[in-house]
Structures are given as structure tokens and as C-alpha cells.
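# Results of the structural survey
For reference, the chains in residue letters:
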Amino acid sequence: MICGALMPAFNTLADFPPDKFSITAYCDACGHSGHLDTAKLPPELPMPALDGLVVCSVCGHRQVHFTISYKAAMDASGMIGRG
Ligand SMILES: [Zn+2]
């Protein structure tokens, strides 16, 4: 039971608001990548559920993985600090 607190079971989309985070989806089959528009998805959706929900728009493959980027890290001169 070491470091258990560092490994939450899962996050939901609500933990990654689109004004702060950018989620990019990558297709494992064809390599296509694109921005995932989370505004179309329910905020309470668990992140692992994305795996079966998102389909590649190019080849239709379901093996898609995700990279989450913190926007503020890329835009240090932007407006930070709300909320
Ligand atoms: Zn694909």
C-alpha cells in the first residue's frame, strides 16, 4: 500500500476543463491525431471511458489513445489565475 494516494482510480472530463487543458487523440492503427472536442462529451465521463467511445475519424479504428496537455504551460503569457 505504498504511494496509493498518488494513483487515483480515474479522473473525469470535469477534471480537465477545455479552457485549461487540451486533449489530443491518437489513432493506434493509422497514426491520425486530432484535438478531442470535450465540449461534446458529458463532464462526468470517466477518462477510461474515452477508450471505447472515441473512434478514429480517418480509419474508424477504436484503438485510440490520448494525451492531455496543460494549456497554461504552453501559454505562460496568457491569462492565468481565474478560478
Ligand atoms: Zn485511424
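Residues numbered from 1 in each chain as written. Predicted model: local features only at pLDDT ≥ 70, side-chain atom pairs only at ≥ 80, totals over all residues.

## Remarks on the overall build of the protein chain
The helix and strand inventory of the protein chain stands at two helices and three strands. Along the protein chain, helices and strands appear, N-terminal first, in the series β-β-α-β-α. Residues classed as buried in the protein chain amount to 6% of the 83 residues present. (Helix = DSSP H or I, 4+ residues; strand = E, 2+ residues; numbered from the N terminus. Buried ≥ 20, exposed ≤ 12 C-beta atoms within 10 Å, placed from the backbone.)

## Topic: the sheet that holds strand E1 (residues 21–27)
Taken in spatial order, the three strands make up an open sheet running E2-E1-E3, and their pairing is antiparallel. At either end of the open sheet lies a strand with only one pairing partner, and these are strand E2 (33–35) and strand E3 (64–70). The mean inter-strand angle of the sheet, taken between neighbouring strand axes irrespective of direction, is 25°. Note: E1 against E3, seven bridges, orientation antiparallel. Residue pairing across strands places Cys 27 opposite Val 64, the latter belonging to E3. (Pairing = 2+ DSSP bridges. Axes fitted to C-alpha atoms, helices over the stretch in contact; angles between N-to-C directions.)

## Re the pairing of E1
In terms of strand pairing, E1 meets E2 through three bridges, oriented antiparallel. By the bridge assignment for E2, Ala 25 is matched with Gly 34.

## Details of the environment of His 65
Turning to its location among the elements, His 65 is positioned in strand E3. Taking the C-alpha atoms as reference points, His 65 and Tyr 26, 39 residues apart in sequence, are found 5.3 Å from one another. Not counting the four nearest positions on each side in its chain, His 65 is found in contact with Tyr 26 and Asp 28. (Contact = placed C-beta atoms within 7 Å.)

## So, the confidence of the model for the protein chain
Residues at a pLDDT of 70 or more form 76% of the protein chain, whose mean pLDDT is 82. The least confident element of the protein chain is helix H2 (residues 71–74), whose mean pLDDT is 70; the most confident is E2, at 94. (pLDDT = per-residue confidence, 0-100.)

## Focus on the environment of Asp 37
In this structure, Asp 37 sits in the loop between E2 and helix H1 (50–53). Accessibility expressed as a C-beta count within 10 Å gives 10 for Asp 37, which makes it exposed. With 19 residues separating them in the primary sequence, Asp 37 and Pro 18 have C-alpha atoms 8.1 Å apart.

## A word on the environment of His 61
On the secondary structure map, His 61 appears in the loop between H1 and E3. In this structure His 61 comes out as partly exposed when scored by C-beta crowding, with 13 C-beta atoms within 10 Å. Taking the C-alpha atoms as reference points, His 61 and Cys 27, separated by 34 residues in sequence, lie 7.1 Å from one another.

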